[in-house]
Amino acid sequence: MTHPLLDLAPLSAAHFASIEDRVARLLSTEQDVLITQGEALLPLEGAIRGAAGPGTTALNVITGPYGQTFGDWLRDCGATVYDLAVPFHTAVTAAQIQEAFAEHPEIDFVSLVHAEAATGNTNPVAEIGEVVRAHGALFYLDAVASIGAEPVLPDAWGVDLCVIGAQKAMGGPAGVSAVSVSSRAWARMAANPQAPRRSYLSLLDWKERWIDGGRRALLHAPAQLEMLALEACVVRIEEEGLDTVMSRHAAAAAATREGVRALGTGFEPYVYEASAAAPVATTLRTPEGVDASGLVARALAADPSLPLAAGGGTLAKEMIRVNHYGPAATLDAVQSSISALRTALTEA
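Rules used throughout
Just so you know, the residues in each chain are numbered from 1, in the order the chain's sequence is written. At least 70 in pLDDT is required for a residue's local features to be given in this predicted model, at least 80 for side-chain atom pairs to be given and counted, and no such filter applies to totals for whole chains, interfaces and linings, which use all residues. Think of the side-chain values as coming from all heavy atoms in the structure, minus any hydrogens and water. For this analysis, a salt bridge means a side-chain nitrogen from Lys or Arg found within 4 Å of a carboxyl oxygen belonging to Asp or Glu. Each residue's exposure class comes from its accessible area (1.4 Å probe, protein chains only) as a fraction of the maximum for that residue type: buried when under 20%, exposed when over 50%, partly exposed otherwise. Secondary structure elements are taken from DSSP: a helix is a run of H or I of four residues or more, a strand is a run of E of two residues or more, and numbering for both begins at the N terminus. Strand pairing follows a simple DSSP-based rule, namely that at least 2 bridges must link the two strands. Whether two residues are in contact is decided by their heavy atoms, any of which lying within 4.5 Å being enough. For every element, the axis is a line fit to its C-alpha atoms; helices are fit only across the contacting stretch, and the angle between N-to-C directions ranges from 0 to 180 degrees. Each crossing gets its hand from how the near helix is turned against the far one by less than a right angle, where anticlockwise is left-handed and clockwise is right-handed. Note that Gly is not counted as nonpolar here; it falls among the polar residues with everything else outside the nonpolar set of Ala, Val, Leu, Ile, Met, Phe, Trp, Tyr, Cys and Pro and the charged set of Asp, Glu, Lys and Arg. Only protein atoms enter the 1 Å grid used here, on which a cavity is any set of points holding a 1.4 Å probe that cannot leave and a pocket is any open set flanked by protein within 12 Å on both sides along at least five of seven lines; residues with an atom within 4 Å of a point are listed as lining. Grid points are joined across faces, edges and corners, and a volume is the space filled by probe spheres set on the points. Working definition: roughly parallel below 35 degrees, roughly antiparallel above 145 degrees, roughly perpendicular at 65 to 115 degrees, and oblique for all remaining angles. Any Phe, Tyr or Trp ring, taking Trp's six-membered ring, that has another such ring centre within 6.5 Å forms a pair; planes under 30 degrees apart are called stacked, those over 60 apart edge-to-face, and the others tilted.

**What about the pattern of salt bridges?**
At step 1: Tallied over the entire structure, the rule returns 15 salt bridges.
At step 2: Here Arg-248 and Glu-240 are joined by a salt bridge, their closest N and O atoms 2.7 Å apart.
At step 3: For Arg-248, a relative accessible area of 25% puts it in the partly exposed group.

Now the structure itself:
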């Protein structure tokens, strides 16, 4: 049989490199950008295991579940880890980062999630970056959920390792991801005897065999369909305009917060302050005594296309996520979601 997604010509190294260049422009970065052949957990883990080791002293900021995972990886690498955990309904501040450095001046690695789609908060990376840069620490950032929904500027913010994924605000595939790497980060990895080598987690393998080789020979056969989908996704953002895409997400987030307040049914934003709320997704606290997962199931039974989900883990009973990202970053999607929640609550 024939199919548009089958029997494609192999993706050339030049084509692969051109997609990396497009992603670099999206990030406004002069750093090396690698497109990794897997979901964003691949470069997130690879970057930590490449840059951290027994001599590392890390400040790991926890504003949601991914921050907890990063701390586990850092400890597994043998790093000394100081966790800075803040309530999930708020954001960390640059002052808190400064206080951590004052208490532990030996910190040389900072890990942070920009926007936590799971909890609906976003952190002030520009201000935090100034503090991290002043202390000379390596700055690692998970921008998987934030890219496309709000500015992500590794160079301007002093981020040394910035990981992005396309599956949320970019509206693209989940099977490929990317990481921008500063020269300082490459040097840290090269000096780390525990950095993965000859491994799918190895960023250094890609640097030595791909980047240093002039990007002429790929390490292995790329995930072709995902690469083409990523390219189409970035082209769509270029054509719409990144500022326009980010404005859609900001408008959807604002409309969700105002809409649930206007309902007067007891829903309220999970993240109290709008300034700490992520534009990629809005989390809601359900009225007292109302089970969030049951309410979402009722709403989705009526319309499975709604961008609604219950919170994960212990939050499943009290939190609802309105995932207004990518194609769902529209006022229509927000209005439909709020209407469905109101109907489900009435029926419940």
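That shown, we press on.
**Quick notes on the pairing of strand 11 (residues 282-285)**
At step 1: Both faces of strand 11 are covered, namely the face carrying Thr-282 and Leu-284 and the face carrying Thr-283 and Arg-285.
At step 2: In this structure, strand 10 (residues 268-269) lies alongside strand 11, joined through two bridges in antiparallel fashion. In the sheet register, Glu-268 faces strand 11, and the bridge partner there is Arg-285.
At step 3: With four bridges joining them, strand 11 and strand 13 (residues 319-322) adopt antiparallel strand pairing.

**Overview of the sheet that holds strand 13**
At step 1: Judged by pairing direction, the sheet is antiparallel, and its four strands sit side by side in the order 10-11-13-12 without closing on themselves. Since the sheet does not close on itself, it has two edges, and those belong to strand 10 and strand 12 (308-310), each with one partner.
At step 2: Set on the sheet, helix 11 (residues 292-302) makes contact with strand 12 and strand 13; between it and strand 12 the angle comes to about 155°.

**A closer look at the packing of helix 1 (residues 13-26) against helix 9 (residues 224-240)**
At step 1: For the pair helix 1 and helix 9, interaxial distance at closest approach is 10 Å and the crossing angle is 40°. Helix 1 and helix 9 meet at a crossing whose hand is left-handed. Of helix 9, the residues touching helix 1 (which contributes His-15, Phe-16, Ser-18, Ile-19, Arg-22, Val-23, Arg-25 and Leu-26) are Met-227, Leu-228, Leu-230, Glu-231, Val-234, Val-235, Ile-237 and Glu-238.
At step 2: Grouping the constituent residues of the contact of helix 1 with helix 9 by class yields 10 nonpolar, two polar and four charged.

**Some remarks on the pairing of strand 4 (residues 109-113)**
At step 1: Of all five residues that make up strand 4, five are buried, and the element is covered over most of its length.
At step 2: The alternating pattern of strand 4 places Phe-109, Ser-111 and Val-113 and Val-110 and Leu-112 on opposite faces, both of which are buried.
At step 3: Where strand 2 (residues 57-62) meets strand 4, three bridges bridge the pair, whose relative direction is parallel. Note that in strand 4 the partner of Leu-59 across the bridge is Val-110.
At step 4: Where strand 4 and strand 7 (residues 138-142) come together, five bridges link them in parallel fashion. Paired with Leu-112 across the two strands is Leu-141, which belongs to strand 7.

**Side note on unusual backbone geometry**
At step 1: Positive phi, close to 60°, is recorded for Asp-7, a residue that is not glycine.
At step 2: You can see Asp-7 is positioned in the segment before helix 1.
At step 3: The exposed category is assigned to Asp-7, whose relative accessible area is 68%.
At step 4: Backbone geometry places Arg-215, a non-glycine residue, at a positive phi of 55°.
At step 5: Taking the relative accessible area as the measure of exposure, Arg-215 reaches 25% and is therefore partly exposed.

**Some words on empty space enclosed by the protein**
At step 1: Scanning all chains against the criterion turns up one cavity of 30 Å³ or more.
At step 2: Size it by volume and the largest cavity reaches roughly 40 Å³.
At step 3: Where the lining of the largest cavity is concerned, the elements lending two or more residues are strand 8 (161-165) and strand 9 (177-181).
At step 4: The residue inventory of the lining of the largest cavity, partitioned by class, reads seven nonpolar, two polar and no charged.

**A few points about the packing of helix 4 (residues 94-103) against helix 5 (residues 125-134)**
At step 1: Contact geometry for helix 4 and helix 5: axes closest at 8 Å, N-to-C directions at 20°. Considering their axes alone, helix 4 and helix 5 lie roughly parallel with respect to each other. Crossing hand, helix 4 versus helix 5: right-handed. Counted together, Ala-94, Ile-97, Gln-98 and Phe-101 of helix 4 and Glu-127, Ile-128, Val-131 and Val-132 of helix 5 form the full contact between these two elements.
At step 2: Here the residues of the contact of helix 4 with helix 5 sort into six nonpolar, one polar and one charged.

**Topic: the packing of aromatic side chains**
At step 1: With the rule as written, the count across this model stands at six aromatic pairs.
At step 2: Here Phe-16 and Trp-206 contribute two aromatic rings whose centre-to-centre distance is 6.0 Å and whose plane-to-plane angle is 15°, an arrangement assigned as stacked. With Phe-16 in helix 1 and Trp-206 in helix 8 (residues 203-211), this residue pair connects regions lying 190 residues apart in the sequence.
At step 3: Measuring from ring centre to ring centre gives 5.9 Å for Phe-109 and Tyr-140, while their planes differ by 35°; the resulting arrangement is tilted. Of the two residues, Phe-109 is situated in strand 4 and Tyr-140 in strand 7; the sequence distance between them amounts to 31 residues.

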